[in-house]
Amino acid sequence: MTISNSTTAPRPPTSPRKHRASFVERTVAELSHAMEQALYAEELAHANGLLQQLDPRVKVVGLLALIIAAALARNLAVILALFVVALVLALLSRVPFRTLATRVWLGALLFTGTIALPAIFITPGQVLYRLPLFGWPITMQGLSSAAYLISRVETSATLALLLILCTPWTHVLKALRVLRVPVVFVVILGMTFRYIFLLLQTARDMFESRQSRMVGALDSAERRRVASASVGVLLSKTLNLSSDVYMAMQSRGFRGEVYTLDEFQMQPRDWAALAGFLALAGLAFWLGR
Amino acid sequence: MTENVFDVQNVVYRYNTEVTALRGLSLQVARGERIAILGANGSGKSTLLRLLDGLYFPESGSITAFGEPLTEERLQDDTFAFAFRRRVALVFQNPDVQLFSPTVFDEVAFGPLQLRWPKDDIRRKVNETLDLLEITHLKDRSPHRLSGGEKKRVALASVLVLDPEVLLMDEPTAALDPKSQSMVVDFLIGWSGGAKTVITATHDLDIVSEIADRCHVFRQGLSVAEGTPDQVLGNQELLESSNLIHAHRHAHAGGEMHAHAHFHLRHEHTHAD
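Residues numbered from 1 in each chain as written. Chains lettered and ligands numbered in written order. Predicted model: local features only at pLDDT ≥ 70, side-chain atom pairs only at ≥ 80, totals over all residues. Heavy atoms only, no water.

### Things to note about the overall build of chain A
Alright, step 1. The number of helices and strands found in chain A is nine helices and two strands.
Alright, step 2. Each helix and strand of chain A, ordered N terminal to C terminal, gives the series α-α-α-α-β-β-α-α-α-α-α.
Alright, step 3. For chain A, the proportion of its 289 residues judged to be buried stands at 37%.
Alright, step 4. For chain A, long-range pairs separated by at least 24 residues make up 75% of all intrachain contacts whose partners lie at least 6 apart in sequence.
Alright, step 5. Put simply, chain A shows about 17,200 Å² of open surface, and 67% of that area lies on carbon and sulfur atoms. (Helix = DSSP H or I, 4+ residues; strand = E, 2+ residues; numbered from the N terminus. Buried < 20%, exposed > 50% of the residue type's maximum accessible area, 1.4 Å probe, protein only. Contact = heavy atoms within 4.5 Å. Areas by Shrake-Rupley, 256 points an atom, 1.4 Å probe, with all protein chains shown as cover.)

### Some remarks on the pairing of strand 7 (residues 166–170) of chain B
All names here are of chain B.
Alright, step 1. Within strand 7, five of the five residues are buried, which leaves the element mostly enclosed by the surrounding structure.
Alright, step 2. Burial of the side chains of strand 7 extends over both faces: Val 166, Leu 168 and Asp 170 are buried on one face and Leu 167 and Met 169 on the other.
Alright, step 3. Across four bridges, the pairing between strand 6 (residues 88–91) and strand 7 is parallel. Within the sheet, the bridge partner assigned to Val 88 lies in strand 7 and is Val 166.
Alright, step 4. Note: strand 7 against strand 8 (residues 197–202), five bridges, orientation parallel. What sits directly across from Leu 167, in strand 8, is Val 198. (Pairing = 2+ DSSP bridges.)

### Quick notes on unusual backbone geometry
Residues and elements named next belong to chain B.
Alright, step 1. The backbone of Asn 10 shows a phi angle near 50 degrees, a positive value even though the residue is not glycine.
Alright, step 2. Within the element layout of this structure, Asn 10 appears in strand 1 (residues 4–15).
Alright, step 3. Positioned with a positive phi, Gln 220 is a non-glycine residue whose angle comes to about 50 degrees.
Alright, step 4. Mapped onto the secondary structure, Gln 220 falls in the loop between strand 9 (214–219) and strand 10 (222–227).

### Side note on the interface of chain A and chain B
Alright, step 1. Listed as interface residues are 31 residues of chain A and, on the opposing side, 41 residues of chain B.
Alright, step 2. Both faces combined, the contact of chain A with chain B buries some 3,200 Å², and carbon together with sulfur accounts for 56% of it.
Alright, step 3. Counting across the chain A and chain B interface gives three salt bridges.
Alright, step 4. Across the chain A-chain B interface, the total number found is 10 residue pairs in polar contact (both at pLDDT 80 or more). (Buried area = accessible area lost by both parts, 1.4 Å probe. Salt bridge = Lys/Arg side-chain N within 4 Å of Asp/Glu carboxyl O. Polar contact = N/O pair within 3.5 Å; in protein donor to acceptor, adjacent residues only side chain to side chain.)

### What to know about the confidence of the model for chain B
Alright, step 1. Per-residue pLDDT for chain B has a mean of 86; in total, 88% of the residues score no lower than 70.
Alright, step 2. Predicted as a complex, the structure gets a pTM of 0.73 and an ipTM equal to 0.84. (pLDDT = per-residue confidence, 0-100.)

Encoded structure:
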């Protein structure tokens, strides 16, 4: 079979203008990226490291205790010591510093730095330096409060990320039960986590299928129309899916109350780790008063 | 006399009062029978399975399960509901609908937990079922990371853990690769062992003679024919009028076009010793 190159055949648009992704398309692409990151996190959660081997409940309670200690500490050295503890935990749990830097440190620094920056200049106190041209004073007290804010945020965020990276998300949710989070809440969160991937996949398939049938760029009004139609279809699919899922639950005996199986079992090393975390948090709290 | 598991009498079911899915359907299912419900898309097969599983209720007509009326009111009663859910299991066509738990282990444990089995029994039974379906290695995995065939196995495990007497299967081979299809069929042949009742809704004629002893052909919400797989599969006119086979057009050498009725069946073969 040959395909003629007839002059009557539709020609591709001559305009070299590249198709600009719509807001929704970019959102779906970003969410897909987040999905890939979640899969990477799941692989890391099954690595053979220190935190990975601990009972999830110990990690939730222990790391939360360290985060609270960092938040309450009034001594910069204590906060920095807790940051070093977080780094050691990351090292022993095979979490690359590069992952921590890209996921937490840079973002937290930018976000908190933006908030902390004015404090350097507007906090009254002993002037260390004056900015040339502007003459704005940098005070000792201003630097100190910015350092407290940034170090607290960096330490807390690193500890929280270690919990997420070293524990399968499903176990994190179940471990929330130890904090008296109601079982129905845990189950709903678990189902949300489960189906968000399916719906993201559906959304991505819809956009790719549309993309494969498109030649040239749509104008913005048309893009909005197509995006809103896609959102409508996705919503309708979601409603059908939720109705079917409910029936599948009913079919296996669900009668309005959820029961779950808690298969976590504390080992001696979990008790030792819990004692270690609590002792460390207690010490940090006492030294950082 | 063989005891009926289900007795369906003149059942009418409508979706949103507009689309009539079943129009006065009647059929009986005896204990230990393997029945295939054949029909094109929209013929009412899936609706019947959901009615038999007590998920939908007829607008008129009646359904009796194990000699008792299967109604919304009866299923409000805990004792009846627990006994019924324990005895009848439905495997949905789309396994994603059925796999809503965070991990495979949780998924298989869901049914027994809702039926309030002792937790030690649940752990033991879940592990046995995972072994039976050869999916123990998947037990900590999230359902979204499984292949289509693996999802189907987990969906099967999630209902078989209850050791049901009746298994309702909705399009069990749909969207599966040939190896996974073969796994499902082999499982159905091996599992029933003559003691279990299996009702399979399908339009895959390739598997019918292996999974069923009796067939119902559905068209527009009614059973238009009933018989053994040989009787039904041998009736070309019936299959064609029920949209289960289609005209296959192809060209012969010389460009002559030719059309004939066409459907796919496993080929006959001999085993060389």
